[in-house]
Every structure is written in structure tokens, then in C-alpha cells.
Amino acid sequence: MADAPRQGDLFDAASQASEAGGVAELAITATQLRRWQQRVHAFQAALFAPTPPEALQGVLFEPERDLLAGFDPLQLKPLPLSFWRWPEGPHQGAALYLVMDRPADLEQPLLLYIGETIAADRRWKGEHDCKAYLAAYQEACMACGLRCSTSIRFWGDVPTATRARRQLEQTLIRRWQPPFNKETRERWATPFHAA
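Since we're looking at a predicted model, the values are computed, not measured.

What counts as what
Residues numbered from 1 in each chain as written. Predicted model: local features only at pLDDT ≥ 70, side-chain atom pairs only at ≥ 80, totals over all residues. Heavy atoms only, no water. Pairing = 2+ DSSP bridges. Helix = DSSP H or I, 4+ residues; strand = E, 2+ residues; numbered from the N terminus. Axes fitted to C-alpha atoms, helices over the stretch in contact; angles between N-to-C directions. Contact = heavy atoms within 4.5 Å. Phe/Tyr/Trp six-rings, centres within 6.5 Å; stacked < 30°, edge-to-face > 60°. Buried < 20%, exposed > 50% of the residue type's maximum accessible area, 1.4 Å probe, protein only. Lys NZ or Arg CZ within 6 Å of the ring centre and 35° of its normal. Salt bridge = Lys/Arg side-chain N within 4 Å of Asp/Glu carboxyl O. Parallel < 35°, antiparallel > 145°, perpendicular 65-115°, else oblique. Left-handed = near helix turned anticlockwise from the far one by under 90°. Nonpolar A, V, L, I, M, F, W, Y, C, P; charged D, E, K, R; others polar. Core = buried A, V, L, I, M, F, W, Y, C linked by side-chain atoms within 4.5 Å. pLDDT = per-residue confidence, 0-100.

Right, let's talk about the sheet that holds strand 3 (residues 151-155) for a bit. Spatially, 3 strands are ordered 2-1-3 in an open sheet, and the strand pairing comes out antiparallel. A single partner strand is all that each edge strand has here, and the edge strands are strand 2 (110-117) and strand 3. If you compare each strand with its neighbour and ignore which way they point, the axes differ by 20° on average. Across the face of the sheet, helix 2 (residues 30-44) comes into contact with strand 1 (95-101) and strand 2 while running at roughly 70° to strand 2. Running at roughly 160° to strand 2, helix 4 (residues 129-143) makes contact with strand 1 and strand 2 of the sheet.

Looking now at the packing of aromatic side chains. Inspection of the entire model under this criterion finds 8 aromatic pairs. Where tryptophan 36 meets tyrosine 137, the ring centres are 6.1 Å apart and the plane angle is 55°; that geometry is what we call tilted. You can see tryptophan 36 sitting in helix 2 and its partner tyrosine 137 sitting in helix 4, a full 101 residues away along the chain. Grouping residues by exposure puts tryptophan 36 and tyrosine 137 together as buried. Between the aromatic rings of phenylalanine 43 and tryptophan 188, the centroid separation amounts to 6.0 Å while the plane-to-plane angle is 65°, which identifies the pairing as edge-to-face. Of this pair, phenylalanine 43 sits in helix 2 while tryptophan 188 sits in helix 6 (residues 185-188); the two residues are 145 residues apart in sequence, bridging distant segments of the chain. By relative accessible area, which is 3% here, tryptophan 188 ends up buried. These aromatic residues form a ring-pair network of at least three members: Trp36, Tyr133, Tyr137 and Phe180. Sitting over the face of the ring of phenylalanine 43, arginine 187 holds its NZ or CZ atom 4.4 Å from the ring centroid.

Scanning all chains against the criterion turns up 2 salt bridges. Here glutamate 116 ties to arginine 165 by a salt bridge, and the two come within 2.7 Å at their closest N and O atoms. Here glutamate 116, found in strand 2, pairs with arginine 165, found in helix 5 (residues 162-176); they are 49 residues apart in sequence, far enough to count as distant. Residue glutamate 116 shares its accessibility class with arginine 165, and that shared class is buried. Across the pair glutamate 116 and arginine 166 runs a salt bridge whose closest N-O atoms are separated by 2.8 Å. Of this pair, glutamate 116 sits in strand 2 while arginine 166 is found in helix 5, placing the two residues 50 residues apart along the sequence. It is possible to trace a salt-bridge network through shared partners that takes in Glu116, Arg165 and Arg166.

What follows concerns the packing of helix 2 against helix 4. Close contact between helix 2 and helix 4 brings their axes to 9 Å; oriented N to C, the two are set at 125°. When the axes of helix 2 and helix 4 are compared, the pair comes out oblique. You can see that helix 2 and helix 4 cross each other, and the crossing is left-handed. Contacts between helix 2 and helix 4 involve Leu33, Trp36 and Gln37 from the first element and Tyr137, Ala140 and Cys141 from the second. In the contact of helix 2 with helix 4, the residues fall into 5 nonpolar, 1 polar and no charged.

Counting 26 residues, the largest nonpolar core has Leu33, Trp36, Tyr137 and Phe180 as the members making the most contacts within it. Here this core gets 6 residues from one element, more than from any other, and that element is helix 4. Core analysis: the next-biggest nonpolar cluster, separate from the first, contains 17 residues, Leu68, Met100, Leu172 and Ile173 among them.

What follows is about the confidence of the model for the chain. Detailed conclusions should not be drawn from predicted coordinates in areas where pLDDT is low. With 66% of its residues at a pLDDT of at least 70, the chain reaches an overall mean of 77. No element of the chain has a lower mean pLDDT than helix 1 (residues 12-19), at 43, and none a higher one than helix 2, at 95. Overall, residues 1-26 carries pLDDT values under 50, and its contacts beyond four positions in sequence, including any with other chains, amount to 24 contacts.

This is the structure:
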């Protein structure tokens, strides 16, 4: 049985050329990037309203249901992605974090990634696949002449128990389908790959 065809890495030629010291043209156009953003936006736009309790009927555990009842990512303070370089982190302890972009031509932002951590002040300092995806995304936006306005937001009102926090993270990933989470990359044919 032949392997199913795989999506090519749109940045492969550019990364190979830069490793060889050459220059390659970007394989994604502004039109393609806008269409990708619009597809994600079409799915997520309605979710930016606070979640009414009746929409959470499928949530099995009441504490999780209560946590999500008023969840509104736009109420969380946006920080620059470079926040981790600050001498003192603005958030401590357990948190969920959301990475977003605000394309000027879209009605709502794009929620690109959802993650969880026990140490909000340290999680973003180390290696993280999402950083590579974001760098490729930002470079693509810049090369295509599109404004990129990425930010990260922390939600600290989450369980400190790892299992419960990860369950909450997975519930949000299933609901929002952020394109940079590994669970949803295939759905969006995400052209931004970690190196």
C-alpha cells in the first residue's frame, strides 16, 4: 500500500537555501496566507463571545464547566511575545496561555496556539515548537507585506493539578482548533513548520 501524499513544507526551499548561504523566494503568497487566515477566522470568529453555560453541556466535569462558563480570551491582558526576557515575569504559577494574532482586515483575532504550564514565568523561556511556528508565521507575514500583531495572554484562574489543567487545555483546543497546536495542524494544513 502506497503512503498517502503528505503536505509539503512551504518553507523548505527557503530554509535549504539559507543553510547553503543562498537566497530563495518564499513559497507562500500574500493571497495564500490571507486565505489561510480567513479559513481559521471563519471557524473561530463566533467563539470570541463569552461561552454561555448551555454551550458547555458536553463538558463532563462541573469544575471545568464552571471555569469555561465566562471564558473570554479577549479579557486577558495581551503581552508581547518577548515578555519572557523581562527581569520579572508578569505571571507566576499554573496557567493556560494563548498566542494570538490580530490581522487588520479580520473582524476578530486569530487564536494560534493554546498551551498549559505549571510555571507561567518560565515556560516560554526554554525550547518551544510554537516559537518556531510563530517565527515562520511572522516572517511569512512580513515577506507578504501583511501586518502581524502577535501577542500572548495568560489565564491564571486554572487548576494547579497538572491532569486537570491539561484536560482544560484539551477542551479549549477541541473547541477553538488553534492551528499551531499539534492536535489541529493537519486540519488547517498549517504551512508554518518548526525547524
